[in-house]
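Working through the structure, step by step
So the chains spell out like this:
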Amino acid sequence: MTADVMIVGNGALGLSVAVETALRDPALRIAVVGPEPRPGSASVAAGAARFPRGRGG
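The residue numbers shown here count from 1 along each chain, following its written sequence. Owing to the predicted nature of the model, reporting of local features is limited to residues with pLDDT of at least 70; listing and counting of side-chain atom pairs is limited to 80 or more, with chain, interface and lining totals taken over all residues. The side-chain quantities take in all heavy atoms of the structure and omit both hydrogens and water.

Brief notes about the pairing of strand 2 (residues 30-33)
Looking at chain direction, strand 1 (residues 5-8) and strand 2 are connected through four bridges and run parallel. The residue of strand 2 that forms the bridge with Met6 is Ala31. Consider the strands pointing away from the viewer: the crossover is right-handed when the path from the first strand over the helix to the second runs clockwise. Secondary structure elements are defined from DSSP: runs of H or I of at least 4 residues count as helices, runs of E of at least 2 residues count as strands, and each element is numbered from the N terminus. Tracing the backbone out of strand 1, into helix 1 (residues 12-24) and back to the parallel element strand 2 gives a crossover that is right-handed. Think of it this way: DSSP has to see at least two bridges between two strands before they count as a pair.

Printed below as a string of structure tokens:
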């Protein structure tokens, strides 16, 4: 497999970067790499709920 852009991280941020990159240049071949999901682990949404916007800590 060859790609023009490789994004390391398949969480919310990595996937967001991939979508935005594809929207800006649809001709790019984009690869997103990261660990496989673990059964029983928390979702990305659950992690994001821990620190609502503007209330990090």
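Let's talk about the pattern of salt bridges
Two side chains with opposite charge may pair up if their charged atoms get near one another. Think of a salt bridge as a Lys or Arg side-chain nitrogen and an Asp or Glu carboxyl oxygen that are within 4 Å of each other. Applying the stated criterion to the full structure yields two salt bridges. Put simply, Arg29 and Asp4 hold a salt bridge, and the shortest N to O gap is 3.3 Å. Note that Arg29 is positioned in the loop between helix 1 and strand 2 and Asp4 in the segment before strand 1, a separation of 25 residues in sequence. Here's how the labels work: a residue is buried when its accessible area is under 20% of the maximum for its type, exposed when over 50%, partly exposed in between, all with a 1.4 Å probe on protein chains only. Owing to a relative accessible area of 45%, Arg29 belongs among the partly exposed residues under this scheme. Judged by relative accessible area, which is 43%, Asp4 ranks as partly exposed.

Brief notes about a nonpolar patch on the surface
Patch membership requires over 30% relative accessible area and the absence of a salt bridge. Like charges are linked within 9 Å, and nonpolar side chains (Val, Leu, Ile, Met, Phe, Trp, Tyr) within 5 Å. Note on areas: these come from Shrake-Rupley sampling with a 1.4 Å probe, and a residue is covered only by the protein chains present in the view. On the surface, Met6, Val8 and Val33 cluster together into a nonpolar patch covering about 310 Å² of accessible area. Tracing the chain through its elements places Val33 in strand 2. The class for Val33 is partly exposed, based on a relative accessible area of 32%.

Structural notes on the environment of Leu15
By the secondary structure assignment, Leu15 is in helix 1. In this structure, the C-alpha to C-alpha distance between Leu15 and Val32, residues 17 residues apart in sequence, is 7.4 Å. Residue contacts follow a heavy-atom distance rule, with two residues in contact if any of their heavy atoms lie within 4.5 Å. Residues in contact with Leu15, not counting those within four places in the same chain, are Gly9, Asn10 and Val32.

Examining helix 1
Look at helix 1: 18 Å from first C-alpha to last across 13 residues, which is about the 18 Å you get at 1.5 Å a residue. The set of residues buried in helix 1 consists of Gly14, Ala18 and Thr21. For helix 1, the buried positions fall inside an angular range of 70 degrees around the axis, keeping them on one side. In helix 1, those exposed residues whose orientation departs by more than 90 degrees from the buried face are Leu13, Leu23 and Arg24. Contacts made by the buried residues of helix 1 are with strand 1 and strand 2. A helix is expected to span 1.5 Å multiplied by its residue count minus one. This arc corresponds to the set of directions leading from the helix axis out to the C-beta atoms.

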